[in-house]
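The chain contents come next:
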Amino acid sequence: MDILIIPVATIIQIVNESKGFFNSYPLTPPVAVPVSMRGGGRPHKYETEPRKGECVMSDKKIKSMVMAAVMAALTYVATTVIKIPAPTGGYVHIGDGLVLLCGWILGPWWGGAAAGIGSMLVDLLGGYMSFVPGTLIIKFLDAMAAALIVKALGRKTYSYVVGGLAGEAIMVAGYFVYEALALQLGMGAAAGVLANVGQGAVGLVIALVLMALLAYISRDPLGLGIVFVGHLVTFYCIGTGIGLVLRRIGGTPLAVWHVFWLGGITPWLLTAGIMWWGRRRALRLCTTRYRLTTRKNLPGGQLRIVQISDIHPRSCAAMDHTRIPELREKIEACHPDLLVLTGDIFDEFTEPEELEAFCALFGALRAPLGKYYVLGNHDLFHHWREPSFGRAELERSFAAAGVRILEDTSVMLPCGVRIVGRKDYLYTNGSRFTAAQLMPTGPDNRYTVWLDHEPRDFKAAAAAGADLILSGHTHGGQVWPAGAVGMVAKNERNYGKKVINGHCTAIVSGGTGTWGYKFRTQGRTEIVCAEITTEKEM
């Protein structure tokens with residue numbers, strides 16, 4: 001039987017409910033509904049305060065009922081994925097993992113009801129009528145015991161193990177007693193004990209794995225959680241579409257598809273594979289080299305620039321202070337003449353120790369022609385929360401590291417190379433100098449490096465005299481295809497090199513870190529090393 005496609009919103013809500021077990025904050029704040037209009041007068045038409053004699057169900061109770069119904073449905077689905085016949089006429093299944101989850105997420109009463117009803121429906125709709133009342137009671141007690149033990153011992157790993165063991169012990173003993181007495185099998189019911197023990201063991205392992213996964217996702221349900229669910233639902237939609245087509249064809253293609261689909265397990269396996277691969281891809285720090293030429297004079301005939309962009313240092317992302325030795329080694333291996341930082345080096349989630357550690361790194365790095373930095377849209381802007389540092393602290397830290405901040409200004413180096421740094425478009429809401437205002441005299445014989453966090457206005461920059469444009473911001477899309485579509489819609493380049501005209505080239509970094517989480521299916525986690533040489537005259 002195909003697993004039903006689970007709506008994204010439902011999964012996110014389940015994650016939200018589970019977060020209470022991990023001492024996290026609620027996903028959605030409570031919304032206050034006015035009881036009456038401010039200042040008196042007639043009651044508000046959306047008044048929720050019950051009138052005398054009325055019985056109005058609270059929002060909390062409605063929410064609990066909805067969540068219980070959802071968990072009951074998921075329990076039914078999980079129980080019908082794999083059926084292994086047992087000697088007494090029943091079957092071993094993986095639904096016991098969801099039974100335990102019902103208790104752990106919803107508590108003893110609502111969880112017990114969801115587990116009992118969801119499991120009972122399997123027997124009712126599957127033709128196991130004699131097991132219906134027993135399953136309802138046994139699974140109710142199974143989930144209730146697991147929830148009560150976790151509540152009594154506290155939300156710790158061992159309490160889930162103990163609660164799960166107790167719940168599954170009730171399940172094994174309960175079915176033995178029910179089959180022996182209610183079904184009048186006597187000691188013949190012992191034939192099913194071993195199968196039920198195996199069923200309980202599988203259920204406990206599945207429940208613990210799922211709780212660990214929910215705990216991980218609940219740290220950022222709109223980040224990695226939505227990525228996980230998005231991939232899962234996408235695979236289900238694609239698979240269901242293929243299955244519908246093959247049902248019309250029938251024959252061997254349909255039989256092969258049933259083998260591949262594994263009763264609906266394949267999307268979970270594919271999603272798990274994507275998550276594993278995406279994590280590895282995010283954590284792999286690369287050095288991407290570009291070799292360019294110019295007709296303009298360079299110091300010694302060549303210039304080597306290392307670009308660092310979009311670090312977003314955070315323990316849950318790809319880069320934090322623990323990886324500084326690796327990052328430093330890769331930068332120093334490039335032997336840069338010039339070090340440029342193209343924005344979002346920090347963000348609103350950066351802790352003070354991360355700021356201090358990375359500024360110490362920038363101070364220790366050697367770049368004979370200097371170190372320069374332009375702000376990104378996250379460095380000082382509070383998209384999600386107020387940052388732990390302000391502009392003054394950021395400026396002091398960079399000044400101590402020997403890094404100069406450029407905001408709509410240019411610097412002419414003694415060697416004749418010009419560095420232009422732009423204010424970020426989003427950070428300033430578009431209120432910044434135009435390219436022509438930054439270089440009013442237009443192109444000249446000075447090689448000009450143009451720093452702009454977001455890959456915008458390439459043609460205008462080239463027309464003003466830019467020879468090399470270095471940008472970041474996009475993370476190379478990071479998560480395909482959503483990231484790629486979103487970034488391409490707002491930026492002139494998502495990743496890599498783009499030739500603007502005969503003398504100007506733009507390079508967009510995939511980011512030296514990742515945004516939000518250790519996951520990437522597009523772009524590279526990288527430092528960029530651009531080597532420019534002066535063409536020899538013929």
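Conventions adopted
Residue numbers restart at each chain and count upward from 1, following the sequence in its written direction. Only residues with pLDDT of at least 70 get local features here, since the model is predicted, and only at 80 or more are side-chain atom pairs given and counted; chain-wide, interface and lining totals rely on the full set of residues. Each side-chain value is worked out from all heavy atoms of the structure, with water and hydrogens disregarded. Numbering of helices and strands runs from the N terminus, with a helix taken as a DSSP run of H or I at least four residues long and a strand as a DSSP run of E at least two residues long. The rule is simple: take the accessible area with a 1.4 Å probe, protein chains only, and divide by the maximum for that residue type; under 20% is buried, over 50% is exposed, in between is partly exposed. Should any heavy atoms of two residues lie within 4.5 Å, those residues are counted as being in contact. Methods summary: accessible areas were calculated by the Shrake-Rupley approach with a probe of 1.4 Å, and residue burial reflects only the protein chains presented. Pairing between strands is defined by DSSP: at least two bridges between the two strands are required. Look down the strands so they point away from you; if going from the first strand over the helix to the second traces a clockwise path, that crossover is right-handed. Among buried residues, those of type Ala, Val, Leu, Ile, Met, Phe, Trp, Tyr and Cys that are joined through side-chain atoms within 4.5 Å constitute a nonpolar core. Where helices are involved, their axes are fitted lines through C-alpha atoms of the stretch in contact, as for all axes, and angles between N-to-C directions lie from 0 to 180°. We count a salt bridge whenever a side-chain nitrogen from Lys or Arg sits within 4 Å of a carboxyl oxygen from Asp or Glu.

Engineer: Quick rundown of the overall build of the protein chain? Include the residues and the values.
Structural biologist: Of regular secondary structure, the protein chain possesses 16 helices and 14 strands. Counting all 538 residues of the protein chain, 49% fall into the buried class. Restricting the contact set of the protein chain to residue pairs at least 6 apart, pairs at least 24 apart contribute 73%. When the accessible surface of the protein chain is split by element, carbon and sulfur atoms take 63% of a total near 25,800 Å².

Engineer: Requested: an account of the pairing of strand β10 (residues 448–451), with residues and values cited.
Structural biologist: Every other side chain in a regular strand lies on the same face of the sheet, so the side chains alternate between the two faces. The alternating pattern of β10 places Thr448 and Trp450 on one face and Val449 and Leu451 on the opposite face, and all of these are buried. In this sheet, β10 lies alongside strand β9 (residues 418–421) in parallel orientation, the contact comprising four bridges. Its bridge partner being in β10, Arg418 is matched across the sheet by Thr448. With three bridges connecting them, β10 and strand β11 (residues 468–471) associate as parallel partners. Bridge assignment links Val449 to a residue of β11, and that residue is Leu468. Assessed by its sense of winding, the connection that carries the chain from β10 through helix α15 (residues 458–464) to β11 is right-handed.

Engineer: An account of the nonpolar core is needed here, citing residue identities and associated values.
Structural biologist: Counting 30 residues, the largest nonpolar core has Ile308, Leu341, Phe346, Phe358, Phe362, Leu394 and Phe398 as its most contacted members. Secondary structure elements with two or more residues in this core: β4 (302–308), α11 (324–333), β5 (338–341), α12 (352–364), α13 (391–400) and β14 (525–534). If you tally residues by element for this core, the top one is α12, at five residues. Counting residues in hydrophobic clusters, the runner-up holds 25 residues, among them Ala68, Cys102, Ala114 and Ala146.

Engineer: I'd love a proper account of the sheet that holds β10, names of residues and values included.
Structural biologist: The sheet built from six strands is open, its strands ordered β8-β9-β10-β11-β13-β12 with mixed pairing. The open sheet has two edge strands, β8 (409–412) and β12 (496–499), and neither has a second partner. Along the sheet, successive strands turn relative to each other by an average axial angle of 20°, direction set aside.

Engineer: I'd like a description of the sheet that holds β4, backed by residues and values.
Structural biologist: Strands sit in the order β3-β14-β4-β5-β6-β7 across an open sheet of six strands; the sheet is mixed. What marks the edges here is a single partner per strand, and that holds for β3 (285–294) and β7 (403–405). Strand-to-strand twist in this sheet, taken as the mean axis angle between neighbours without regard to direction, amounts to 25°. Relative to β14, β3 runs parallel, the two sharing ten bridges.

Engineer: Give a description of the pattern of salt bridges that names residues and reports values.
Structural biologist: Summed over all chains, the structure comprises 16 salt bridges. The residue Asp457 makes a salt bridge to Arg422 at a minimum N-O spacing of 3.4 Å. Note that Asp457 is positioned in the loop between β10 and α15 and Arg422 in the loop between β9 and α14 (435–438), a separation of 35 residues in sequence. On the basis of relative accessibility, which here comes to 2%, the residue Arg422 falls in the buried class. Overlapping salt bridges, with partners in common, bring together Arg289, Arg291, Arg304 and Glu531 in one network.

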